[in-house]
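Below, each chain spelled out in residue letters.
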Amino acid sequence: MEGKLFTGESLPPVMMGLKRLSHGIFYLVISLISTSIFSTEYIFSSEFADLIFPGRLLYVTCWGHCGLYKYLGVWCIAESSCMYVGYTYNGHGKWDGLRNVATSAFHQSSKLQDVIDSWNINTSAWCAKHIYKRCKFLGSKILSQNITMIYLALWHGLHFWVFSLLFPGVLLYVHGKGLCY
């Protein structure tokens, strides 16, 4: 390393942290702006109920996507604080050891597997290693996936949104493989 802490292959942790912090602030600003346009209150209004079905579907899709920006922002800011102190250095010249979302891969994903691979990265890896693979003795991938999803649902809490998101996700993942080319 020629007596230098950083060889120039990557930015120092403070610079990487500031870069990730700016990403987080950007996502939170987008979240604030977009949630004022696509509000939850509108979904419970009579005007929303009067929309035709494709209009309601489009609105709920935009509303849900805008809600993701809050999580992206918070994760990026949390990751930036870990970068400042060097926790995220993976030993291979990169500062992504605690990355929980690959933002560019998430936004550019064209398949459900790409979304899964870029979202909640560390949690997915932990669940694959400690739950899914340990259910191998059951002899069924679908059963192992459902057990993993039940664990994640219980981990997040017994809320309707958790089950309404995770279990259709399993169905899409299992049955959607044949739909993609």
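Before reading further, recall that the structure is shown in the block above.
Reading guide: rules and limits
Residues numbered from 1 in each chain as written. Predicted model: local features only at pLDDT ≥ 70, side-chain atom pairs only at ≥ 80, totals over all residues. Heavy atoms only, no water. Helix = DSSP H or I, 4+ residues; strand = E, 2+ residues; numbered from the N terminus. Contact = heavy atoms within 4.5 Å. Patch = residues over 30% accessible without salt bridge, like charges linked within 9 Å, V, L, I, M, F, W, Y side chains within 5 Å. Areas by Shrake-Rupley, 256 points an atom, 1.4 Å probe, with all protein chains shown as cover. Salt bridge = Lys/Arg side-chain N within 4 Å of Asp/Glu carboxyl O. Buried < 20%, exposed > 50% of the residue type's maximum accessible area, 1.4 Å probe, protein only. Expected span 1.5 Å × (residues − 1). Lys, Arg positive; Asp, Glu negative; His and termini not counted. Charge placed at Lys NZ, Arg CZ, Asp CG, Glu CD. Phe/Tyr/Trp six-rings, centres within 6.5 Å; stacked < 30°, edge-to-face > 60°.

Asks: So what exactly am I meant to see when it comes to the side chain of S34 here?
Replies: Position of S34 among the secondary structure elements: in helix α1 (residues 13-37). Sequence-distant contacts of S34, defined by excluding residues within four places in its chain, comprise C66 and Y69.

Asks: Sorry if this is basic, but what is going on with a nonpolar patch on the surface here?
Replies: Among the surface-exposed residues, V14, M15, L18, Y84, V85, Y87 and L98 lie close enough to one another that they form a single nonpolar patch of about 680 Å² accessible area. Looking at the nonpolar patch, the element that brings in the most residues is α1, giving 3 residues. Looking at where Y87 falls in the secondary structure, it is placed in the loop between α4 (53-84) and α5 (103-107). Residue classification places Y87 among the exposed residues on the basis of a relative accessible area of 61%.

Asks: Is there a simple way to think about helix α8 (residues 141-156) in this case?
Replies: Residues three or four positions apart in an α-helix share a direction because the helix packs 3.6 residues into each turn. Here α8 spans 22 Å end to end across 16 residues, near enough to the 22 Å set by a 1.5 Å rise per residue. Residues S144, Q145, T148, M149, L152 and A153 constitute the buried set of α8. Two residues or fewer after α8 comes G157, characterised by a positive phi angle close to 115°.

Asks: Hey, could you run me through a positive patch on the surface in this one?
Replies: A surface patch of like charges, here positive, comprises K129, K133, R134 and K136. Mapping K133 onto the fold places it in the loop between α7 (121-132) and α8.

Asks: Where do I start with α4 in this structure?
Replies: With 32 residues, α4 extends 47 Å from end C-alpha to end C-alpha; this agrees with the ideal 46 Å at 1.5 Å per step. Buried residues of α4: Y59, C66, Y69, L72, G73, C76, E79, S80 and M83, and no others. In this structure, the buried residues of α4 make contact with α1, α2 (40-43), α3 (46-50) and α5.

Asks: Would you explain unusual backbone geometry in this entry?
Replies: Notably, N120 is not glycine yet its phi reads approximately 55°, a positive angle. By secondary structure assignment, the location of N120 is in the loop between α6 (112-118) and α7.

Asks: Which parts of the structure should I look at to understand the packing of aromatic side chains?
Replies: One pair of aromatic rings is described through two measures. These are the centre distance and the angle between the planes. For the structure on display, the rule yields 10 aromatic pairs. By the ring-pair criterion, three or more aromatic residues cluster together here, those being F38, Y42, F48 and Y59.

Asks: I tried to follow the environment of W63 on my own but got confused; where do I start?
Replies: Mapped onto the fold, W63 is located in helix α4. Classification of W63 by relative accessible area gives partly exposed; the value is 31%. Separated by 26 residues in sequence, W63 and I37 place their C-alpha atoms 8.6 Å apart. In this structure, W63 is in contact with F38, S39, T40 and I43, ignoring residues within four places of it in sequence.

Asks: What exactly am I supposed to notice about the pattern of salt bridges here?
Replies: Side chains bearing opposite charge may pair, as long as their charged atoms lie close to each other. Enumeration over the complete set of coordinates arrives at 2 salt bridges. Across the salt bridge formed by R20 and E79, the nearest N and O atoms sit 3.0 Å from each other. Here the residue R20 occupies a position in helix α1, and E79 occupies one in helix α4, the gap between them amounting to 59 residues. In terms of burial, R20 and E79 fall into one category: buried. R99 is paired through a salt bridge with E79; the nearest N and O atoms lie 3.4 Å apart. Here R99 is found in the loop between α4 and α5, whereas its partner E79 is found in helix α4, with 20 residues between them in sequence. The class for R99 is partly exposed, based on a relative accessible area of 24%.

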